[in-house]
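# Chains, contacts and geometry: an overview
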Amino acid sequence: MGMTITEKILAAHANKKEVFPGELIFVKLDFILANDITGPLAIKEFEKIGVDKVFDNERIALIPDHSTPNKDIKSALQSKILRDFAKKYNIKFYYEVGRVGIEHALLPEEGLTLPGDCIIGADSHTCTYGALGAFSTGVGSTDLAYAMATGEIWLKVPESLKFVYYGKLSQWVTGKDIILFTIGEIGVDGARYKAMEFSGEVIKNLPMADRLTICNMAIEAGAKNGIIEPDDITINYVKERAKREYKLYYSDKDANYKEIYEWDVSRLEPVIAFPHLPSNVKKISEISKDIYIDQVYIGSCTNGRIEDLRLAAKILKGHKVHPDVRLIITPATPKTYMQALKEGLIEIFLEAGASITPPSCGPCLGGHLGVLAEGEKAVATTNRNFVGRMGHPKSEVYLANPAVAAASAILGRIGAPWEVEVKK
Amino acid sequence: MIFRGRALKYGDNIDTDVIIPARYLNTTDPKELAEHCMEDLDADFREKVKEKDILVVGDNFGCGSSREHAPIAIKASGVKCIVAKSFARIFYRNAINIGLPILELPDAIDEINEGDEIEVDFESGIVKNITSGKSYKTFPYPPLIQEIINKGGLIEFAKEKLRKGGNL
């Protein structure tokens, strides 16, 4: 029996010839990460174990990206715990404010998460790196503590689901729409405990940014990991960046899938996930034109990359943000910020009346830099629209792609990119 | 481990953002976290949990963010254990790792009413609804997970491995 890419990577890291879904294994980890919310808790647990060093100080990233630049005194203390630990244990990949970016945008950009890797992170969106052909999954802080001490973790080998997308995407339809559509079809627990393998001609033609967005939201369907087989696009992305050796794995032709979903997405249009679940998806042409909004947020580990900012800028160029709307934009990393500056995107945003924040996860999780008040509605390019996700429990979040978000900022209501004139 | 208590019921897809909102994640202190546990979902949770200390919940409990603050907040609130139709996978790991007893029991949940007296036996996997007189059996945990549970969590598991001179 053949194996899927997920099974092959897990087998290789468990030092086994083959593994089977449901099997509990210990795997060696190539890279692990934590942030300023999950890291301090992991450090507290790590110190209880009673070891005097980490398994490898060059395979751990500590990334203060959630409540930074420090939003309050208590958050400042959490960041300090992370910083002090990084110094004490000589953690190579600690990123200070100014150099820090949103973890799941930063690490692929830095060439630290690579094809064939087995990665865990104390952050649920760690599944992002599957876009590079890696096995990568989110865990909690205690798992991360154990991994910092041992370089290992226990895992249950997941069953795999295969998603095959045919056709050609229409204008304004992005990786975000593919993953929201998919979650809408299978539900927020449709892939619970399972691997989601994304494939087909549509994926083959997608740039890395869209692939990262798709795998990023695998967790929103309950998946253990999202994964895409590496190809030329993957290799072109990693070859200039890779800080280590990497290995390419592919699924066997006779690999076993629990379920195979096949969709022609040629007629897919931009979709919106309505409150309060990412699966609550509606086509943009089918929603009413009177959902007035208070805030638009473009950023996050889902859609804060340079490609996302370019898309937003294309719509916003020469327009003004609606008087009743606050548009907040977060370039996900310092490099993204710099690139956006060089390309004139930041100027377009500022001319339109947007506020630009430093790289941070803050707005996405209702932490800081754009918290919603009671009764407010926001369109966000983020990944979750749970109750209270971006602020008050009686606020609402509508998930969308960056083009829809930008158009909505101009219109003052949820609207489509084609309702706005694209200016040269 | 046998727990006896009254059922406190919630539905499907209870996410970790409502279990403990991000605005309270600037601390790791269990007591502080417990003060805000579930407040966006049920403002009376802290009052209710004094009487009803076994959570009986639907599918995909604990979905979303990996924040371990969520099971910590629940445990520190005085919840003895959670019985669910199913758990989201990161929450499942986190609960086992921190020693919060949890059990998946898809068939029983709809037949348990809020306030019912429940007995959960983690050795045998048997859940009794004392109020209705019905009992249910679930699959036992795999040996590795059972071992982590028996040790009281992953950190104790790791320490014991170290004590025995084994490689971690």
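Quick notes on the rules
- Residues numbered from 1 in each chain as written.
- Chains lettered and ligands numbered in written order.
- Predicted model: local features only at pLDDT ≥ 70, side-chain atom pairs only at ≥ 80, totals over all residues.
- Heavy atoms only, no water.
- Helix = DSSP H or I, 4+ residues; strand = E, 2+ residues; numbered from the N terminus.
- Contact = heavy atoms within 4.5 Å.
- Buried area = accessible area lost by both parts, 1.4 Å probe.
- Salt bridge = Lys/Arg side-chain N within 4 Å of Asp/Glu carboxyl O.
- Nonpolar A, V, L, I, M, F, W, Y, C, P; charged D, E, K, R; others polar.
- Domains from an automatic or database assignment.
- Polar contact = N/O pair within 3.5 Å; in protein donor to acceptor, adjacent residues only side chain to side chain.

Moving on: unusual backbone geometry. Omega for the bond connecting Thr68 of chain A with Pro69 of chain A falls within 30 degrees of zero, at -15°, which places this linkage in the cis form. Positionally, Pro69 of chain A belongs in the loop between strand 3 (60-63) and helix 3 (73-88). A cis amide bond links Pro275 of chain A to the next residue, His276 of chain A, at an omega of 0°. Take His276 of chain A: it is sitting in the loop between strand 12 (271-273) and strand 13 (281-283). Positive phi values are uncommon outside glycine, yet Asn13 of chain B reaches one of about 55°.

The next subject is the interface of chain A and chain B. At the interface, 49 residues of chain A touch 46 residues of chain B. Taking both partners together, chain A and chain B bury about 4,000 Å²; carbon and sulfur atoms supply 60% of that area. For the chain A face of the interface with chain B, the top three residues by lost area are Tyr146, Trp154 and Tyr193 of chain A, together amounting to 17%. Inspection of the region where chain A meets chain B yields 3 salt bridges. With a shortest N-O distance of 2.5 Å, Glu32 of chain B and Lys74 of chain A are connected by a salt bridge. Among the residues forming the side of chain A that touches chain B, the class breakdown is 23 nonpolar, 13 polar and 13 charged.

Residues and elements named next belong to chain A. As assigned here, chain A comprises domain 1 (5-263) and domain 2 (275-419). The C-alpha-based centres of domain 1 and domain 2 are spaced at 24 Å. Counting residues at the interface gives 37 residues for domain 1, matched by 38 residues for domain 2. On the domain 1 side of the interface with domain 2, the three residues burying the most area are Ile102, Trp172 and Lys176, jointly 25% of the side's total. Applying the counting criterion to the domain 1 and domain 2 interface returns 2 salt bridges. Close ionic contact of Arg384 with Glu220 constitutes a salt bridge, the shortest N to O distance being 2.6 Å. Counting across the interface, domain 1 meets domain 2 through 20 residue pairs in polar contact (both at pLDDT 80 or more). Secondary structure elements with two or more residues in the side of domain 1 that touches domain 2: helix 4 (103-109), helix 6 (175-186) and helix 8 (208-216). Sort the elements by how many residues they give to the side of domain 1 that touches domain 2 and helix 6 lands first, with 5 residues. Grouping the constituent residues of the side of domain 1 that touches domain 2 by class yields 14 nonpolar, 15 polar and 8 charged.

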